[in-house]
Amino acid sequence: MIDDSAFESYFIQAQRVRRLIQYSFDNVFAFENLLHNSGSPSSTETRCDVILCPTTVGPAPALSSIASMKPVETYVNDVFTVPGSLAGLPASSVPVQVDGSLVGLQLVGQVGTDALVLQAAKELEAVLKQ
């Protein structure tokens with residue numbers, strides 16, 4: 001059993017790590033994080049509006065196989081969603097057919113850009129259907 005001081009120490013450390021992840025994303029996006037209003041505008045020339053990346057490391061598993069997957073297998077399969085989730089960022093996954101398998105592409109945006117992420121996902125779906 002973890003005593004209160006150890007729990008508090010782990011919780012505080014986890015929050016510090018989470019904040020570092022958030023600040024790392026803040027340096028990537030052109031939009032300012034509404035929760036970390038720095039007040040100092042910086043160049044958006046080398047920054048992006050959304051990030052497009054894989055949702056999973058491979059094809060989606062069959063629904064029947066999910067119940068038998070080990071926890072580490074499910075974590076590894078979702079590893080690309082963890083950073084954005086930890087940072088509290090809006091994201092959307094778009095299914096894509098590749099070589100007969102279903103994979104996902106995720107779009108991740110800055111805090112407060114939920115509508116932009118959804119619009120980008122809608123446009124990506126339209127492009128992929130062509």
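Caption draft 1: Local environment of the packing of aromatic side chains. Applying the stated criterion to the full structure yields 1 aromatic pair. For the pair Phe-25 and Phe-29, a centre-to-centre distance of 6.1 Å together with 15 degrees between the ring planes defines the contact as stacked. The exposure class assigned to Phe-29 is buried, which follows from its relative accessible area of 0%.

Caption draft 2: Summary view of the sheet that holds strand 1 (residues 50–54). Ordered by their spatial adjacency, 3 strands build an open sheet running 1-3-2, and the pairing between neighbours is antiparallel. A single partner strand is all that each edge strand has here, and the edge strands are strand 1 and strand 2 (91–98). Averaged over all adjacent pairs, the angle separating strand axes in this sheet is 25 degrees, with direction ignored. Note that strand 1 and strand 3 (residues 101–109) share 5 bridges and pair antiparallel. By the bridge assignment for strand 3, Cys-53 is matched with Gln-106. Against the sheet, helix 5 (residues 114–129) engages strand 1, strand 2 and strand 3, with an angle of about 10 degrees to strand 2.

Caption draft 3: How the structure looks around the pairing of strand 2. The sheet contact formed by strand 2 and strand 3 spans 8 bridges and is antiparallel. Counted as the bridge partner of Gln-97 is Leu-102 from strand 3.

Caption draft 4: Looking closely at the side chain of Gln-106. Position of Gln-106 among the secondary structure elements: in strand 3. The buried category is assigned to Gln-106, whose relative accessible area is 5%. At a separation of 2.9 Å, a polar atom in the side chain of Gln-106 contacts the main-chain carbonyl oxygen of Phe-80. Residues within four places of Gln-106 in sequence aside, it is in contact with Ile-51, Leu-52, Cys-53, Pro-54, Thr-55, Phe-80, Thr-81, Ala-91, Ser-92 and Ser-93.

Criteria and cut-off values
- Residues numbered from 1 in each chain as written.
- Predicted model: local features only at pLDDT ≥ 70, side-chain atom pairs only at ≥ 80, totals over all residues.
- Heavy atoms only, no water.
- Phe/Tyr/Trp six-rings, centres within 6.5 Å; stacked < 30°, edge-to-face > 60°.
- Buried < 20%, exposed > 50% of the residue type's maximum accessible area, 1.4 Å probe, protein only.
- Pairing = 2+ DSSP bridges.
- Helix = DSSP H or I, 4+ residues; strand = E, 2+ residues; numbered from the N terminus.
- Axes fitted to C-alpha atoms, helices over the stretch in contact; angles between N-to-C directions.
- Contact = heavy atoms within 4.5 Å.
- Polar contact = N/O pair within 3.5 Å; in protein donor to acceptor, adjacent residues only side chain to side chain.

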